[in-house]
Amino acid sequence: MPDRNFTQADYNHHDPKIAQDPYGFLAKVRGGQCPLGHSDELGGFYFPTTYDGVKRVFSDYRTFTSNEGAGLPAQLVRFFPVDLDPPNHTRWRRTLNRFFTQEAAEADRPRIQGLADKLIDAFVERGSADLVNEFTRPFLAMTMLPVIGCPDDDRPMLSEKLMWMVHNRLLDHDGWVRRYTEIGDYLMGLAAARRVAPRRDDLLQCLIEEEFDGKRLSDMEVYQVLILALFGALDSTSSAMSGSLFHLGQHPEDKRRLLSGEVAWPVAIEEFLRFTTPIQTLRRTVVQETELDGGALHPGDIVLCINGAANRDPDKFVDPDRCIIDRDARDHMSFGSGAHVCIGRHYARVMIDTCLKTMLGRIGDYRIAPGFTPDYTSSEARALKTLMVEFTPGPRLLAG
Ligand code: HEM
């Protein structure tokens, strides 16, 4: 095998132009002289474009470490547990797991349903809405912030700062550092207040009481966990929900097939997750000589796993650029794979399920507003910025 076999293509997930349609670009690399891509952007990195290549990177942490960070460029501080390899990673994961089990997410369904109804009530009489900013984004934050331990009153502030940080990482370094510090101060203040307040059953409480090797976690470690949980709680699931609603708004026959029971919801939800791929990229760093997608890699090389490339590999998913709601997409890469497979995935599935069933049940005739043009955010996360729809006005469900 020749050394440094790859297809040169300057992919950059922070480029707003690429974010509008990364898939055509990635398909060209996959079909190039070597399916391992190389980009000179962001300091230079390699990227597999096949499903098998991406999966291999995620499953082999001894060759592809997360210790150098899962973001490209690296975040200012390491996030836990995503920027750690086993066995260090494993003990953090054990600590966090109980808040995110399937049972915990299922038990939370009544509260989650109430939130969906409350948000829809706020626009159902109007006959039009922006489903991203009036529904999927606040729905996700209102669901997850109490699990983490952040008061709902702080939601607008947290949402504004975190979304700004996700989408301006390369554009305004000083603004980015300032918000990091502000969120750090906020989380430290929250932890200090909780230490002297009545106990509650949430992630924050767990972190301030947790001990590793007989030692309490430092403020910095609490911060490193909470900030990652906040990113999970404010962005990715909203993207899956709005992307699914966009598809259904364009394909009334798929709405009908879901409502009639012809297609089972869990099957369609996995396909929506594949098709939308809310987290597009994750970085790993090579620590030993290896080969990937037909190219050689050396220690120190940066590898960017593009989940969207894996999810659109035609050798894995036939006709991958079509959203086919009854296909078996369970193997999709949207939650990653291996040791770091998304801890929030059970919550995400319950939220997507509730969101879609409630929308179709209450405002089944919604359609995409005339003239609406999709515009996607760029960065590790790819999401619709707005989703304008129209529908027949209906009644509120809840009083007040
Ligand atoms: C559709 C929604 C979601 C998607 C597509 C998604 C995607 C991902 C992916 C791809 C990873 C793997 C990271 C890696 O391999 O380096 C991950 C990890 C993680 N996700 Fe999610 N996520 C979603 C929802 C959530 C939610 C609701 C939470 C709740 C707070 C969450 C919290 C986390 C955490 C803490 C990790 C780190 C796990 C570890 O390193 O072991 N995610 N997520």
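Below, the structure is looked at part by part. Keep in mind the model is a prediction, meaning the values are calculated, not measured.

Cut-offs applied
Residues numbered from 1 in each chain as written. Predicted model: local features only at pLDDT ≥ 70, side-chain atom pairs only at ≥ 80, totals over all residues. Heavy atoms only, no water. Helix = DSSP H or I, 4+ residues; strand = E, 2+ residues; numbered from the N terminus. Rg over C-alpha atoms; globule rule 2.2 N^0.38 Å. Buried < 20%, exposed > 50% of the residue type's maximum accessible area, 1.4 Å probe, protein only. Contact = heavy atoms within 4.5 Å. Areas by Shrake-Rupley, 256 points an atom, 1.4 Å probe, with all protein chains shown as cover. Lys, Arg positive; Asp, Glu negative; His and termini not counted. Charge placed at Lys NZ, Arg CZ, Asp CG, Glu CD. Expected span 1.5 Å × (residues − 1). Bend = angle between axes of the 7 residues up to and from the residue. Phe/Tyr/Trp six-rings, centres within 6.5 Å; stacked < 30°, edge-to-face > 60°. Donors = N, O, S within 2.8 Å, 3.2 Å for Na, K, Ca; no water. Near = heavy atom within 4 Å. Polar contact = N/O pair within 3.5 Å; in protein donor to acceptor, adjacent residues only side chain to side chain. Nonpolar A, V, L, I, M, F, W, Y, C, P; charged D, E, K, R; others polar. Axes fitted to C-alpha atoms, helices over the stretch in contact; angles between N-to-C directions. Left-handed = near helix turned anticlockwise from the far one by under 90°.

1. Description of the overall build of the protein chain
Right, so step 1: Looking only at helices and strands, the protein chain has 15 helices and 13 strands in total.
Right, so step 2: Taking 2.2 N^0.38 as the reference for a compact globule, 400 residues should give roughly 21 Å; the C-alpha atoms of the protein chain span a radius of gyration of 21 Å, in line with that estimate.
Right, so step 3: Viewed in the frame of its principal axes, the protein chain has a C-alpha envelope of about 65 × 55 × 40 Å.
Right, so step 4: When the 400 residues of the protein chain are sorted by exposure, 58% land in the buried category.
Right, so step 5: In the protein chain, 73% of the contacts between residues at least 6 apart in sequence involve partners at least 24 apart.
Right, so step 6: Accessible surface, the protein chain: about 16,500 Å² in total, of which carbon and sulfur atoms supply 53%.
Right, so step 7: Placing the 47 positive and 57 negative side-chain charges of the protein chain at their respective mean positions leaves the two points 3 Å apart.

2. Brief notes about helix 11 (residues 219-250)
Right, so step 1: Here helix 11 contains 32 residues, and its C-alpha end-to-end distance of 47 Å stays within 8% of the 46 Å for a straight helix at 1.5 Å per residue.
Right, so step 2: By the largest-angle criterion, G232 marks the main kink of helix 11, which is about 30°.
Right, so step 3: Taking burial as the measure, the 32 residues of helix 11 include 26 buried ones, the bulk of the element.

3. Some remarks on the packing of aromatic side chains
Right, so step 1: In total, this model carries 14 aromatic pairs according to the counting rule given.
Right, so step 2: Ring plane angle 50° and centroid distance 6.0 Å describe the contact between F45 and F47, whose orientation is recorded as tilted. Each member of the pair, F45 as well as F47, carries the same accessibility label: buried.
Right, so step 3: Ring centres of F79 and Y180 lie 6.4 Å apart, and the angle between their planes is 40°; on these two criteria the pair is classed as tilted. Pair noted here: F79 is in the loop between strand 4 (64-65) and helix 4 (88-97) and Y180 is in helix 9 (residues 173-195), with a separation of 101 residues, a long-range link. Across the pair, exposure class does not vary: F79 and Y180 are buried alike.
Right, so step 4: Cluster of aromatic residues (ring-pair linked, three or more members): Y11, F25, F45 and F47.

4. Looking at the coordination of the iron atom of the ligand
Right, so step 1: Of all protein atoms, C342 (SG) alone acts as a donor to the iron atom of the ligand, lying 2.3 Å away.
Right, so step 2: For C342, the position within the fold is in the loop between helix 14 (307-311) and helix 15 (345-362).

5. With respect to the site of the ligand
Right, so step 1: The environment of the ligand is formed by 29 residues, the closest being H89, R93, R284, H340 and C342.
Right, so step 2: At 2.6 Å from an oxygen atom of the ligand is found a side-chain nitrogen or oxygen belonging to H89.
Right, so step 3: Looking at the shell around the ligand, the elements with two or more residues in it are helix 4, helix 11 and strand 8 (281-286).
Right, so step 4: Looking at which element gives the most residues to the shell around the ligand, the answer is helix 11, with six residues.
Right, so step 5: In the shell around the ligand, the residues fall into 18 nonpolar, nine polar and two charged.

6. Describing the packing of helix 8 (residues 155-167) against helix 9
Right, so step 1: Running from amino to carboxyl end, helix 8 crosses helix 9 at an angle of 145°, the nearest separation of the two axes being 10 Å. Relative to helix 9, the crossing made by helix 8 is left-handed. Contact residues: M157, L158, E160, K161, L162, W164 and M165 in helix 8; G175, W176, R179, Y180, E182, I183 and Y186 in helix 9.
Right, so step 2: Each residue belonging to the contact of helix 8 with helix 9 can be placed in one class, and the counts come to nine nonpolar, one polar and four charged.

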